[in-house]
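Residue-level structural notes
What follows is the residue order along each chain.
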Amino acid sequence: IALHAPAAQTCCGALHAHAGDADRAAALAEANRRAFAGHALVLGLASGCHAALADGLAGRAVVRDAIDVLAERAERLRFAPRAERIALHLPCTQRNVVRSDGALRRLLARVPGLDVVALDDGFGCCGAAGAAMLTDPDRAAGFRQPLLDQFAGSGASMLLSANIGCRLHLANGTDAPVRHPLEFLAECLP
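Residues numbered from 1 in each chain as written. Predicted model: local features only at pLDDT ≥ 70, side-chain atom pairs only at ≥ 80, totals over all residues. Heavy atoms only, no water.

The strand order across the open sheet formed by four strands is S4-S3-S5-S6, and the pairing between neighbours is parallel. Looking at strand neighbours, the two that pair on one side only are strand S4 (114–119) and strand S6 (178–179), the edges of this open sheet. For strand S5 (residues 159–161) and S6, the ladder comprises two bridges, and the chain directions are parallel. Considered in S6, the bridge of Leu159 is made with Val178. (Pairing = 2+ DSSP bridges. Helix = DSSP H or I, 4+ residues; strand = E, 2+ residues; numbered from the N terminus.)

The topology assignment puts Leu45 in the loop between strand S1 (41–44) and helix H3 (50–56). A relative accessible area of 53% means that Leu45 is categorised as exposed. Distance in space between the C-alpha atoms of Leu45 and Ile164 is 8.9 Å, their sequence separation being 119 residues. Those residues in contact with Leu45 that sit more than four places away from it in its chain are Ala66, Ala162, His180 and Leu182. (Buried < 20%, exposed > 50% of the residue type's maximum accessible area, 1.4 Å probe, protein only. Contact = heavy atoms within 4.5 Å.)

Membership of the largest hydrophobic core comes to 21 residues, with the highest contact counts inside it found for Ile67, Ile86, Leu104, Leu108, Leu160, Phe184 and Leu185. Taken together, the elements giving at least two residues each to this core come down to helix H4 (66–72), strand S3 (84–89), helix H6 (101–109) and helix H10 (181–187). Considering every element that reaches this core, the biggest residue donor is H6, with four residues. Excluding its chain neighbours within four sequence positions, the residues that come into contact with Leu108 are Ile86, Leu88, Leu114, Val116, Leu160, Phe184 and Leu185. Ala87, Leu119, Cys126 and Met133 belong to the second largest nonpolar core, which has 14 residues in total. (Core = buried A, V, L, I, M, F, W, Y, C linked by side-chain atoms within 4.5 Å.)

Here the focus is the side chain of Ser161. Within the secondary structure layout, Ser161 lies in strand S5. A residue is classified by how much of its surface remains accessible, and Ser161, at 0% relative accessible area, is buried. In terms of polar contacts, Ser161 uses its side chain to reach the side chain of His89, at 3.0 Å. Leaving out residues up to four positions away in the same chain, Ser161 has contacts with His89, Pro91, Cys166, Arg167, Leu170, Arg179, His180 and Pro181. (Polar contact = N/O pair within 3.5 Å; in protein donor to acceptor, adjacent residues only side chain to side chain.)

With respect to the helices and strands, Arg167 occurs in helix H9 (residues 164–171). With no salt bridge to any partner, buried Arg167 finds its closest opposite charge in Glu183, at an N-O distance of 6.0 Å. Sequence-distant contacts of Arg167, defined by excluding residues within four places in its chain, comprise Ser161, Ala162, Val178, Arg179 and His180. (Lys, Arg positive; Asp, Glu negative; His and termini not counted. Salt bridge = Lys/Arg side-chain N within 4 Å of Asp/Glu carboxyl O.)

Attention now moves to the packing of aromatic side chains. Inspection of every chain in the model, using the stated rule, returns one aromatic pair. Ring centres 5.7 Å apart and planes at 45° place the aromatic pair Phe123 and Phe143 in the tilted group. Here Phe123, found in the loop between S4 and helix H7 (132–135), pairs with Phe143, found in helix H8 (residues 137–154); they are 20 residues apart in sequence, far enough to count as distant. Classification of Phe143 by relative accessible area gives partly exposed; the value is 24%. (Phe/Tyr/Trp six-rings, centres within 6.5 Å; stacked < 30°, edge-to-face > 60°.)

A few words now on the pairing of strand S2 (residues 62–65). Burial along S2 is one-sided: Val63 and Asp65 are buried, and none of Val62 and Arg64, which face the opposite way, are. The pairing of S1 with S2 spans four bridges and is parallel. Considered in S2, the bridge of Leu41 is made with Val62. Regarding topology, H3 serves as the crossover connection from S1 to the parallel S2, and that connection is right-handed. (Right-handed = clockwise from strand over helix to strand, strands pointing away.)

What follows covers unusual backbone geometry. The backbone phi angle of Arg99 is positive, close to 60°, even though this residue is not glycine. As for its position among the elements, Arg99 is in the loop between helix H5 (92–98) and H6. We note that Ala129 has phi near 40°; this positive angle belongs to a residue other than glycine. Positionally, Ala129 belongs in the loop between S4 and H7.

Honestly, that's just the spatial picture; any functional story needs more than this.
Structure, rendered in structure tokens:
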């Protein structure tokens, strides 16, 4: 897959829109339209940004989750064995908006020896919810705690999550590594 990462791309504007700053969100969407001009396909890496990026590029480019694109080519990928237990958090946006959770599970299943523990305690939601971790930190921490307790009891060495907000929020509650699944999978390539 030939990739081009335009230097002028910027924030998707989702947090600005959530905070009521529609003008700034629109300006960021316009900057991304210019940055991705001429590209028919744009790959997203953050499930929480997917909808805002897709809306901003509507009619100009198709936005797809990079996890889905890689899963479609999974037969070409070879992963080195990794005898390790990891915890997988499936963000609400990945399950309900992007719907790449199945693709991610299939990719992780291709890593020989990897033991994946799905974090689903509580509601399965970490509580980050856009800017909610900042605007209502006590409530957000309440959603996060069951997942952190499940993680702590799982014996997993690290926690994976495809949403940047979830990763930040979860990482603020643990000393263990919290990473993007594609970053982890890249390390598993021989």
